[in-house]
Amino acid sequence: MADPEESSNLRGPAADLQRSIAGDRILWSVIFRPPYDAHPLLGAARDELGGLLTSLEGPGLPPLVGTDGPSFSWEIDAVPLAALLASGATSVRAAFELLYRAGQVLARAAEQATPHGLYCHGAITPWRVLVDIRGQVHIIGYGIPAVEVLAYLDEESDDAPPDAFRYTTAERLEDRDDDLSTDLYALAAIAAHLATGKAVFEGTGVEIIEQILQGDGPDALEEIGSALSDDELELLCALMELKPAQRARPEDAIAAAEELSRTAKDLDLAALVASLSTAGKAPQHTQRPTPEAAGTDEAPEAS
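Keep in mind that what you see is a predicted model, and the values were worked out from it rather than measured. (Residues numbered from 1 in each chain as written. Predicted model: local features only at pLDDT ≥ 70, side-chain atom pairs only at ≥ 80, totals over all residues. Heavy atoms only, no water.)

## Section: a negative patch on the surface
On the surface, Asp154, Glu155, Glu156, Asp158, Asp159, Asp175, Asp177 and Asp179 cluster together to form a negatively charged patch. In this fold, Asp177 is placed in the loop between α6 (170-173) and α7 (180-196). (Patch = residues over 30% accessible without salt bridge, like charges linked within 9 Å, V, L, I, M, F, W, Y side chains within 5 Å. Areas by Shrake-Rupley, 256 points an atom, 1.4 Å probe, with all protein chains shown as cover. Salt bridge = Lys/Arg side-chain N within 4 Å of Asp/Glu carboxyl O. Lys, Arg positive; Asp, Glu negative; His and termini not counted. Charge placed at Lys NZ, Arg CZ, Asp CG, Glu CD. Helix = DSSP H or I, 4+ residues; strand = E, 2+ residues; numbered from the N terminus.)

Take a look at the structure:
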């Protein structure tokens, strides 16, 4: 990778998300910090899934363009959801746009990855979901394990950062089979935060784990979602049920989120990203993605 002319970092629970610019290239890199940088599953993911991670294709799936030890890089010009949430911005409409657009991307990725034994992303957090200036959603980190969660569950670490577990499901905590509904559970938690300005689960990492295993997601949503319509709240709750079999079917949930986004209040995703970039609260965009790169023939209208 060329020496960056400009860089900025967002600190995640186990890794930094670094944006760098070298000439006309814009890279976002996930760089794991000690002690997680030495976790053997990072090397295994790089060695065993390297071909898959560089071959995932389609709108919203930027290819992995580089790996260097604990660092994984993608070429993309977009703003991480972590930056939007940190800014304090809220928007119900943007939340449901995020849910259906990211859901579509993850469904496409699962179709490509399932033949390789990888049934979902498995580590969806606000540091792995980015939005460009057109409001299109991009997913990075597919197949890269949430080593901070695994290290704690395997008793290799006593550290339980709340943000490491806030978007985790019971099936991952209990080492059970996961699927696309696992990713949509995490997306629903992120969307709820964007819609309300409040995280679904609060407390220490250990307390959050207990809440998840008790199936407290729907009840917590009821507490923070008073400003949401009944249909909006019902969909989020259906995606955050404890057992995968009880959750809304992914294809139905994605379609419902798209429909709700058309009538929801507040700014759309494109306008939200543009407003924060203009205010200097999120990384600036240096170019507008083409319609082909964004996966649409026309840009969505900002409101």
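Don't stop here, the text continues.
## Thoughts on α7
Taking 1.5 Å of rise per residue, the 17 residues of α7 would be expected to cover 24 Å, and the 24 Å separating its terminal C-alpha atoms lies within 8% of that figure. With 16 of 17 residues buried, α7 is to be regarded as a mostly interior element. Where α7 ends, the next residue or the one after it, Gly197, has phi of about 80 degrees, a positive value. (Expected span 1.5 Å × (residues − 1). Buried < 20%, exposed > 50% of the residue type's maximum accessible area, 1.4 Å probe, protein only.)

## As for the sheet that holds strand β8 (residues 137-139)
The strands that make up a sheet pair up through hydrogen bonds in the backbone, lying either parallel or antiparallel. Strand order in the open sheet made by the three strands is β6-β7-β8, with antiparallel pairing throughout. Taken across any chain shown, the strands that pair with only one partner, and hence form the sheet edges, are β6 (79-80) and β8. The sheet contact formed by strand β7 (residues 129-131) and β8 spans three bridges and is antiparallel. Bridge pairing in β8 links Val131 to Val137. (Pairing = 2+ DSSP bridges.)

## Regarding the packing of aromatic side chains
For the structure on display, the rule yields two aromatic pairs. Note on Phe32 and Phe72: the rings are 6.4 Å apart at their centroids and 85 degrees apart in plane angle, and the pair reads as edge-to-face. Residue Phe32 is found in strand β3 (residues 25-32), and its partner Phe72 is found in strand β5 (residues 71-75); the two are separated by 40 residues along the sequence. Residues Phe32 and Phe72 agree in their burial class; the two are buried. (Phe/Tyr/Trp six-rings, centres within 6.5 Å; stacked < 30°, edge-to-face > 60°.)

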